[in-house]
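What the coordinates show
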Amino acid sequence: MIALTRRYRFPAAHVLAHPDLSAEENALTYGKCANPAGHGHDYGLEITVTGEVDAETGSIVERDALDALVSERVLDRFGHRMLNEDPDFRERVPTAENIAVVIHDALAAPIAAAGARLVRVDLHETRRNRFAYGELP
Amino acid sequence: MALVRLTRAIDFSTSLRYRHPDLSEAENRRRFGRKAAQHGHNYRLEVTLRGEPDPVTGMVIDLKDLQQVLDREIMERFDHRDLNRDTAFFEKQPPTPENFVIVIHRLLADALPSGLLDRVRLQEDPDTWVELLDEAQP
């Protein structure tokens, strides 16, 4: 199997707090990440795709097409934003786990339409935490 | 017995351009954009072998032997060379990381003791890499 990975980054703010929990309960669950004023990270994002290597282009997927797609669906949507305001995080706390899943689900169909298969999303929240989601172990 | 994976990394620097010999300069430029012009990369290659440690030496492979293979098959062929002018691998196909990692995997699979090669990871720049792994491996 051959897999191609591209790395991207986006800075975003979030608050780890569930709307149904009280401020005390959220503070208890999420600690300082529950600060209602928010905090933020420079997220690092790795997108891994597999597929056939096209004989003409020599690529699994056109690099520019993949970059454009990730920019449109993820970087422009989440970069320099407060994640909790995104519709996908109204009911779902924007933990890195959930962000990785949301990004995966936002990219799977358009990457398939571009002729490749999204097999893994790696989200680096800080230099010390990273989260992986997808079929590729 | 315990199956162990070991990875050795090497770095090399190479120039290249994406071009198909049957296409004109303008057509190559149209198909491959700015990559049709000669440019270069600092590649990092990570080679992973997997096997059972020898009961006496405790090694899957002597790293000196692995490095010798990497020097002969990769460094001498590609380091400070031009992929299009100095090698025959990219006369009919552009040296995309996908095509390049397939070439490297074949060279190493042929040169290493049979069954040891687990995967090859080729990093073209800090934001781009490809990995080729043998699906038959456990």
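Residues numbered from 1 in each chain as written. Chains lettered and ligands numbered in written order. Predicted model: local features only at pLDDT ≥ 70, side-chain atom pairs only at ≥ 80, totals over all residues.

Turning to the interface of chain B and chain A, a few remarks are in order. Listed as interface residues are 15 residues of chain B and, on the opposing side, eleven residues of chain A. Mapped onto the side of chain B that touches chain A, the elements with two or more residues apiece are helix H3 (97-111) and strand E5 (128-133) of chain B. Broken down by element, the side of chain B that touches chain A gets its largest block of residues, six residues, from E5 of chain B. Both strand E1 (residues 2-14) of chain A and E5 of chain B contribute to a ladder of five bridges, which runs antiparallel. Note on E5 of chain B: the bridge partner recorded for Thr5 of chain A is Trp129 of chain B. (Contact = placed C-beta atoms within 7 Å. Helix = DSSP H or I, 4+ residues; strand = E, 2+ residues; numbered from the N terminus. Pairing = 2+ DSSP bridges.)

The subject of this paragraph is the packing of helix H2 (residues 63-78) of chain A against helix H3 (residues 96-113) of chain A. Residues and elements named next belong to chain A. At their nearest, the axes of H2 and H3 sit 10 Å apart, and the two run at 145° to each other. The element H2 and its partner H3 pack so that their crossing is right-handed. Contact residues: H2 offers Leu69, Val70, Arg73 and Val74, while H3 offers Ile103, Ala106, Leu107, Pro110 and Ile111. (Axes fitted to C-alpha atoms, helices over the stretch in contact; angles between N-to-C directions. Left-handed = near helix turned anticlockwise from the far one by under 90°.)

With that settled, consider the confidence of the model for chain B. Here chain B averages 94 in pLDDT, and 96% of its residues register 70 or above. Two numbers describe this predicted complex: its pTM, 0.90, and its ipTM, 0.86. (pLDDT = per-residue confidence, 0-100.)

Turning our eyes to something else, we now look at the packing of helix H2 (residues 63-78) of chain B against H3 of chain B. Residues and elements named next belong to chain B. At a minimum axis distance of 10 Å, the contact between H2 and H3 shows a crossing angle of 140°. In this view, H2 runs oblique relative to H3, as classed from their interaxial angle. Crossing of H2 over H3 shows right-handed handedness. Taking contact as the criterion, the partners of Val69, Glu73 and Ile74 in H2 are, on H3, Ile104, Leu107, Leu108 and Ala111. For the contact of H2 with H3, the residue count by class is six nonpolar, no polar and one charged. (Parallel < 35°, antiparallel > 145°, perpendicular 65-115°, else oblique. Nonpolar A, V, L, I, M, F, W, Y, C, P; charged D, E, K, R; others polar.)

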